[in-house]
Amino acid sequence: MTGHVIHLSTSIHASPEAVWDVLTDVPHYGDILRSVKSTRLLTDDGYDVGTAWVEERTFFGHHGQEELRVTDSDAPRRTIHETSLRHDAIRTAYSVQPNRDDTTRLLVTATMDVTGRSTAEKAFWNAFGGHSYNATRRMLEQDLEDIRVETERRSGAATGRHRAS
């Protein structure tokens with residue numbers, strides 16, 4: 001049972017390679033993403049399928065740690081991170097697409113699978129899952145904005161504010 005699916009995107013004034021460099025700069029997520037306090041790599045340096053890290057993130061007003069793992073990577077076009085939180089499986093897919101106007105579109109799709117929940121937990125989710133959806137959407141919008149700003153900063157591009165859509 002899918003708990004929620006969120007699709008967002010933003011346009012970045014930089015090359016796909018520059019976007020990829022920021023998107024995959026896991027050791028510096030604490031400096032790039034405002035909701036991430038710190039990251040600790042569990043695998044050797046580099047970014048590819050199997051790369052794993054522990055991320056401390058502020059979410060829903062509390063601090064939590066989760067272990068993430070790269071399950072798909074095709075540089076500089078797409079990557080997928082997966083994690084488990086209690087009974088839930090969370091999959092976050094990023095797609096990096098060049099535009100004709102020398103910008104790059106960064107798309108993210110986050111999917112939460114709540115199949116592992118008990119009947120009572122599923123009922124609770126059906127009643128209150130919208131709060132989780134809205135908070136997750138806001139966090140992902142901030143992540144896209146933070147990646148855009150850092151990519152444009154590193155590329156020396158103008159950083160006018162763009163809203164994730």
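Residues numbered from 1 in each chain as written. Predicted model: local features only at pLDDT ≥ 70, side-chain atom pairs only at ≥ 80, totals over all residues. Heavy atoms only, no water.

A. A look at the overall build of the protein chain. From N to C terminus, the protein chain includes three helices and seven strands. Secondary structure elements of the protein chain occur, N-terminal to C-terminal, as β-α-α-β-β-β-β-β-β-α. Across the 165 residues that make up the protein chain, the buried fraction comes to 43%. Taking all contacts inside the protein chain whose residues are at least 6 apart in sequence as the whole, residues at least 24 apart take part in 50%. Per element, the accessible surface of the protein chain, about 9000 Å² overall, is 48% carbon and sulfur. (Helix = DSSP H or I, 4+ residues; strand = E, 2+ residues; numbered from the N terminus. Buried < 20%, exposed > 50% of the residue type's maximum accessible area, 1.4 Å probe, protein only. Contact = heavy atoms within 4.5 Å. Areas by Shrake-Rupley, 256 points an atom, 1.4 Å probe, with all protein chains shown as cover.)

B. Summary view of the packing of aromatic side chains. Inspection of the entire model under this criterion finds two aromatic pairs. Ring geometry for tryptophan 20 versus tyrosine 47: centroids 5.9 Å apart, planes at 90 degrees, classification edge-to-face. Placement of tryptophan 20 in helix α1 (residues 16-23) and of tyrosine 47 in the loop between β2 (36-41) and β3 (52-59) is noted, with a sequence separation of 27 residues between them. Arranged with centres 6.1 Å apart and planes meeting at 85 degrees, the rings of tyrosine 29 and tryptophan 53 form a pair that is edge-to-face. Highlighted residues: tyrosine 29 in helix α2 (residues 29-32) and tryptophan 53 in strand β3, separated in sequence by 24 residues. Comparing tyrosine 29 with tryptophan 53, the two get one shared label, buried. (Phe/Tyr/Trp six-rings, centres within 6.5 Å; stacked < 30°, edge-to-face > 60°.)

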